[in-house]
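# Summary of the model geometry
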Amino acid sequence: MYLPPHDPHVDDPMRFKPLFRIHLMERKCATVECMYGHKGPHNGHIQIVKKDEFSTKCNQTDHHRMSGGRQEEFRTWLREEWGRTLEDIFHEHMQELILMKFIYTSQYDNCLTYRRIYLPPSSPDDLIRPGLFKGTYGSHGLEIVMLSFHGKKAKGTKITGDPNIPAGQQTVEIDLAHPLQLPDIENLRDFSELSRIVLEVQEQVRREEQEQEQRQEEEERSQQAASQPAANPLGGEGAEGEETAAGAEGTTQNKAPASQPFVLPMGVISRNEDYPRTCRICFYGTGLIAGHGFTSPERTPGVFVLFDDDRFGFIWLELKSFSLYSRIKVSFQNAEAPSREAFDEMLKNIQSLAT
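Just so it is clear, the structure is predicted and the values come from calculations on it, not from any experiment.

What the protein contains, in helices and strands, is six helices and 18 strands. A buried classification covers 38% of the 355 residues belonging to the protein. Accessible area of the protein: about 20500 Å², with a carbon and sulfur share of 50%.

Right, here's the structure in full:
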């Protein structure tokens, strides 16, 4: 398992933790060992579920228990996962979230299902190279997000989740058609000024969406009324308009300064104060928030801040919070790890032995 660095050190490397290992012997004999816990390797099981998916099961979960009971297990987990002790955490809400995560993760006892992650395709037109990023999420600690580009939109999808927003959900969406012009550095410190700018763009986006819906309805009505489709001229004009708009956006991005001063507005909370003090460009975006158990999810306005090729940020306007993201640069393979092809073949051999 590759774990994020300890909160809030988002630029630190990922941490490596073995969870199971497979021994392939001669005469097609194979053994699986669970590496979870602190009593050494013990008997485990692995099974192919379907393409790009397999599951592991520990057959000796008593090896995961500690003599000091759940309290000792929790303190050990806290030290390893968060790099701190319970006494270091003064915030009551953070204590509650950490305890929830421990209860949720420890109940599986390394009986887990694994699915392959396919990284998003890359295009020369992308703002930066897509991929995996470590991000700060307040009291939830560091989480992994996959950044991908889809025309005039960019999306950040959670690879790891938390009690509020689970893995697989779209945590942020960036509207590349609406760059933001930040105020000068002194006015940027005023949260109300930034809020005013973002909310004006939000209203503009709503108007554009309503106008687009009206145009689509009118085109549908005219297609139904006409004996021959009359949508081609309209479609041509629309396509031309989109090209012009895209060209304008490209011009906006090209004319943007190589860097501009950046500082978080007063009152915006950041787990990591060591964020870059210059940025390339900012865009309007939305971030997903929800209650515990992914209840009452809603998209709220925010600011996407591009710092450089490997770092970006997002200001959650409603939460008055800032997330800093840093690219994961490891190759997800250590010296002893087999290639993907060899690992797939290994799983097939174990499956054939089991049947």
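After presenting the structure, the write-up continues.
Right, let's get into helix H2 (residues 92-106). Along its 15 residues, H2 runs 21 Å from first to last C-alpha, staying within 8% of the 21 Å computed at 1.5 Å per residue. Taken residue by residue, H2 has Met94, Leu97, Ile98, Phe102 and Ser106 as its buried positions. Relative to the axis of H2, the buried residues are bounded by an arc of 150 degrees and lie together on one face. The exposed set on the far side of H2, more than 90 degrees from its buried face, consists of Glu92 and Tyr104. Summarising the contacts, the buried residues of H2 are in contact with helix H1 (69-82).

Tracing the backbone through its elements, the reader meets Lys134 in strand S8 (residues 131-136). No salt bridge is formed by the buried Lys134; the nearest opposite charge belongs to Asp11, separated by 5.8 Å. A distance of 2.7 Å separates a polar side-chain atom of Lys134 from the backbone oxygen of Asp12.

As a further point, take the environment of Trp77. If you trace the backbone, Trp77 turns up in helix H1. Judged by its relative accessible area of 11%, Trp77 is buried. Along the primary structure Trp77 and Phe102 are separated by 25 residues, whereas in three dimensions their C-alpha atoms are 7.7 Å apart. With residues up to four places along the chain from it excluded, the contact list for Trp77 reads Trp82, Ile98, Lys101, Phe102 and Thr105.

At their nearest, the axes of H1 and H2 sit 11 Å apart, and the two run at 105 degrees to each other. Here H2 runs roughly perpendicular to H1, going by the angle between their axes. Together, Arg70, Glu73, Phe74, Trp77, Leu78 and Trp82 of H1 and Met94, Ile98, Leu99, Lys101, Phe102, Thr105 and Ser106 of H2 make up the contact between the two elements. Split by residue class, the contact of H1 with H2 holds eight nonpolar, two polar and three charged.

Time to look at the state of the cysteines. As enumerated under the stated definition, the model contains zero disulfides in all. Cys279 takes part in no disulfide bond, and the closest cysteine sulfur, belonging to Cys282, lies 4.1 Å away.

Moving on, we come to a negative patch on the surface. On the surface, a cluster of negative charge is contributed by Glu208, Glu209, Glu211, Glu213, Glu217, Glu218 and Glu220. Along the chain, Glu211 falls in helix H4 (residues 191-225).

With respect to the secondary-structure elements, Asp62 resides in the loop between strand S6 (53-58) and H1. Overall, Asp62 belongs to the partly exposed group, its relative accessible area being 48%. Considered as a pair, Asp62 and Gly37 are 25 residues apart in the sequence and their alpha carbons are 9.3 Å apart.

Let us now look at the sheet that holds S6. Across the sheet, which stays open at both edges, the five strands sit in the order S3-S4-S5-S6-S7 with antiparallel pairing between neighbours. At either end of the open sheet lies a strand with only one pairing partner, and these are strand S3 (20-24) and strand S7 (112-115). Strand-to-strand twist across the sheet, computed as the mean angle between neighbouring axes with direction ignored, equals 35 degrees. In the sheet, S3 pairs with strand S4 (residues 30-34) via five bridges, with the strands oriented antiparallel. In the sheet register, Arg21 faces S4, and the bridge partner there is Glu33.

It is worth spelling out unusual backbone geometry at this point. Note that the residue after Asp7, namely Pro8, is joined by a cis bond; omega there is 5 degrees. With respect to the element layout, Pro8 can be found in the loop between strand S1 (2-3) and strand S2 (15-16). The backbone of Asn110 shows a phi angle near 65 degrees, a positive value even though the residue is not glycine. Summarising the element assignment, Asn110 is placed in the loop between H2 and S7.

A few words on the nonpolar core. The biggest cluster of nonpolar side chains holds 25 residues, and the ones touching the most others in it are Leu180, Phe262, Val303, Ile315 and Phe322. Counting only elements with at least two residues in this core, the list comes to H4, strand S15 (281-291), strand S16 (295-308) and strand S18 (321-327). At six residues, the largest contribution of residues to this core is made by H4. Discounting chain neighbours no more than four positions away, the residues touching Phe262 are Leu182, Ile185, Leu188, Tyr275, Pro276, Arg277, Thr278, Cys279, Val305, Phe307 and Ile315. By size, the runner-up hydrophobic cluster in this structure holds 19 residues, among which are Phe133, Ala154, Phe283 and Trp316.

The rules behind these values
Residues numbered from 1 in each chain as written. Predicted model: local features only at pLDDT ≥ 70, side-chain atom pairs only at ≥ 80, totals over all residues. Heavy atoms only, no water. Helix = DSSP H or I, 4+ residues; strand = E, 2+ residues; numbered from the N terminus. Buried < 20%, exposed > 50% of the residue type's maximum accessible area, 1.4 Å probe, protein only. Areas by Shrake-Rupley, 256 points an atom, 1.4 Å probe, with all protein chains shown as cover. Expected span 1.5 Å × (residues − 1). Arc of directions from axis to C-beta. Contact = heavy atoms within 4.5 Å. Lys, Arg positive; Asp, Glu negative; His and termini not counted. Salt bridge = Lys/Arg side-chain N within 4 Å of Asp/Glu carboxyl O. Polar contact = N/O pair within 3.5 Å; in protein donor to acceptor, adjacent residues only side chain to side chain. Axes fitted to C-alpha atoms, helices over the stretch in contact; angles between N-to-C directions. Parallel < 35°, antiparallel > 145°, perpendicular 65-115°, else oblique. Nonpolar A, V, L, I, M, F, W, Y, C, P; charged D, E, K, R; others polar. Disulfide = S-S within 2.5 Å. Patch = residues over 30% accessible without salt bridge, like charges linked within 9 Å, V, L, I, M, F, W, Y side chains within 5 Å. Charge placed at Lys NZ, Arg CZ, Asp CG, Glu CD. Pairing = 2+ DSSP bridges. Core = buried A, V, L, I, M, F, W, Y, C linked by side-chain atoms within 4.5 Å.

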